[in-house]
Amino acid sequence: MGPTNDFLRARMEIADHSAPARLRAQPSWWINQAALPANRLVNDALAASGMRRYHYALLAALDELGPASQADLSRGTTIDRSDMVATVNELVEHGLVERAADPTDRRRNVVSITAAGRRQLRKLDRLLATVQDELLAPLSAEERTHLVDLLTRVVTHHAQTGERSRARQSSG
């Protein structure tokens, strides 16, 4: 059987032996079911490298955006400020980022990625590409692109809805 048939067979097995039909009819249930192995695969792969999701997110943000304050990094990566300090500390200990006082505002720190951090990020990129291949094995390249497009639309919609809701609450 091809990948599509394997997927359908697996879905039918899940349907026959697990969740009630009402759950299986809900896209949110399927998104959650897909997120479970996704999280496990990513967390396991990163842990085998001595890294965590927060490490990868922070390195990726610094590589793309350049040096930034911990507060800006927290907002940009959705890492809680209380977790950001610990994450930066861990990456500093590994020599992957540097933290220095902001020359324009000594009260805040600016974090930047090191050459070792960029090398580690490239290794993690390759590792996570392998994980994505494993997770999305039943999908063709075109289906993977389509899935990412659809999920991006859903997430963007809810991010924008949340922003509008927060704006209404703060103005009311």
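Residues numbered from 1 in each chain as written. Predicted model: local features only at pLDDT ≥ 70, side-chain atom pairs only at ≥ 80, totals over all residues. Heavy atoms only, no water.

Draft legend 1. Fine view of the packing of helix H4 (residues 53-65) against helix H6 (residues 81-93). For the pair H4 and H6, interaxial distance at closest approach is 10 Å and the crossing angle is 80 degrees. As judged from the angle between their axes, H4 and H6 are roughly perpendicular. The segment H4 lies against H6, with Tyr-54, His-55, Leu-58 and Leu-59 engaging Asp-83, Met-84, Thr-87, Val-88, Glu-90 and Leu-91. Grouping the amino acids of the contact of H4 with H6 by side-chain chemistry returns 6 nonpolar, 2 polar and 2 charged. (Axes fitted to C-alpha atoms, helices over the stretch in contact; angles between N-to-C directions. Helix = DSSP H or I, 4+ residues; strand = E, 2+ residues; numbered from the N terminus. Parallel < 35°, antiparallel > 145°, perpendicular 65-115°, else oblique. Contact = heavy atoms within 4.5 Å. Nonpolar A, V, L, I, M, F, W, Y, C, P; charged D, E, K, R; others polar.)

Draft legend 2. Quick look at the pairing of strand S3 (residues 105-113). Judged from the 2 bridges that link them, strand S1 (residues 68-69) and S3 form a sheet pairing that is antiparallel. The residue bridging Ser-69 from the neighbouring strand is Val-110, located in S3. Judged from the 6 bridges that link them, strand S2 (residues 97-102) and S3 form a sheet pairing that is antiparallel. Bridge pairing in S3 links Val-97 to Ile-113. (Pairing = 2+ DSSP bridges.)

Limitation: the analysis is restricted to geometry and does not speak to function.
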